[in-house]
Amino acid sequence: MLPAVARCLLLAMLMAVAGCGGYEVKNLAKTDIDLVADEVIIESRRLVRELTVKLYRRNPAELHKIPGMTIEGRVALLKVNERELDFPELQGRQGIDAMNLAFAPDYRGDRVFALVAGLGGMLRQSYGYRPEFFLPDSLNAEALATSARNVEVLVWKLKNTRRPDGSLYLISHENGGVVDNLSFERLFGKLIALQDLLARVAADADDRLITSAVHTASTVFIPLPI
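A quick note: this is a predicted structure, and the numbers were derived from the prediction, not measured. (Residues numbered from 1 in each chain as written. Predicted model: local features only at pLDDT ≥ 70, side-chain atom pairs only at ≥ 80, totals over all residues. Heavy atoms only, no water.)

**Student:** For this particular structure, what's the right way to read the side chain of S183?
**Tutor:** Note on placement: S183 falls in helix α8 (residues 183-205). When its relative accessible area of 13% is taken as the criterion, S183 is described as buried. Polar side-chain contacts of S183 include one of 3.0 Å to the side chain of K54. A polar contact of 2.4 Å, which involves the side chain of S183, links it to the side chain of N181. (Helix = DSSP H or I, 4+ residues; strand = E, 2+ residues; numbered from the N terminus. Buried < 20%, exposed > 50% of the residue type's maximum accessible area, 1.4 Å probe, protein only. Polar contact = N/O pair within 3.5 Å; in protein donor to acceptor, adjacent residues only side chain to side chain.)

And the structure:
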């Protein structure tokens, strides 16, 4: 039986993510936490794909760095592998290392793809690279909480990291000095809330505390503790 706090968080999370589909036989091998984790994985991947579309619409020049590439093609690449997101064009970098490419002054590749592939890869890492959870599996509370802090860092970087000429590396919330698109705030807020809620559920289930270091404000991405 889950602790009361964990049960409340599970209910809140189920209300926050997409509703479950029809019941499947394989769900007999899943705990209630497994089922919620599965829904979080589905929703987080959907949000990363939504972010991909939004960023390319704001930064079409990045897409054109790969001749013939389309937004649909980029979204399809994020679905190719259910586990790690490893692409040769990112020089073998994944997770936070790929996200850092998006803000590297000397990077000449597609910054949007580096960002979303890195973000998607980091979230997958926080789930132990599992596309779904079953009875023997367990969640890493600190990895989940760290991933949430990294999403906060990403939001900060998008707003504040600039080229030598003062322009943003990628346009998101702000364009030409005017904040004109708050949908990015809502999208990132959902990702942060999902990761934090799942971290709390995992911590309560294991009767452990998430270390205070995870909550330290930072302007650099933090390696996940797994």
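**Student:** Help me understand the nonpolar core in this model?
**Tutor:** Note on soluble globular proteins: their nonpolar side chains tend to be buried together. Ranked by internal contacts, the top residues of the largest apolar core, which has 62 residues, are L51, L90, L115, L119 and L154. Elements supplying a minimum of two residues to this core: α2 (32-58), α4 (71-77), α5 (95-101), α6 (111-126), α7 (141-160) and α8. A total of 11 residues in this core trace back to one element, the largest contributor, which is α8. In this structure, L90 is in contact with A98, L101, Y107, F113, A114 and A117, ignoring residues within four places of it in sequence. (Core = buried A, V, L, I, M, F, W, Y, C linked by side-chain atoms within 4.5 Å. Contact = heavy atoms within 4.5 Å.)

**Student:** Honestly, α6 in this entry has me stumped. Any pointers?
**Tutor:** Because an α-helix packs 3.6 residues into every turn, residues spaced three or four apart end up facing the same way. With 16 residues, α6 should reach 22 Å at 1.5 Å per residue; the first-to-last C-alpha distance of 22 Å fits that figure. The buried count for α6 comes to 16 of 16 residues, which makes it a mostly enclosed element. Residue D110 occupies the N-cap position of α6, its side-chain oxygen lying 3.0 Å from the main-chain nitrogen of V112. (Expected span 1.5 Å × (residues − 1).)

**Student:** Would you mind going over the environment of L191 with me for this structure?
**Tutor:** Secondary-structure assignment places L191 in helix α8. Of the residues examined, L191 reaches a relative accessible area of 0% and is grouped as buried. Separated by 147 residues in the primary sequence, L191 and S44 have C-alpha atoms spaced 6.3 Å apart. Other than its neighbours up to four places away in sequence, L191 contacts S44, L47, L119, L123 and V151.

What is shown is where atoms sit, not what they do.
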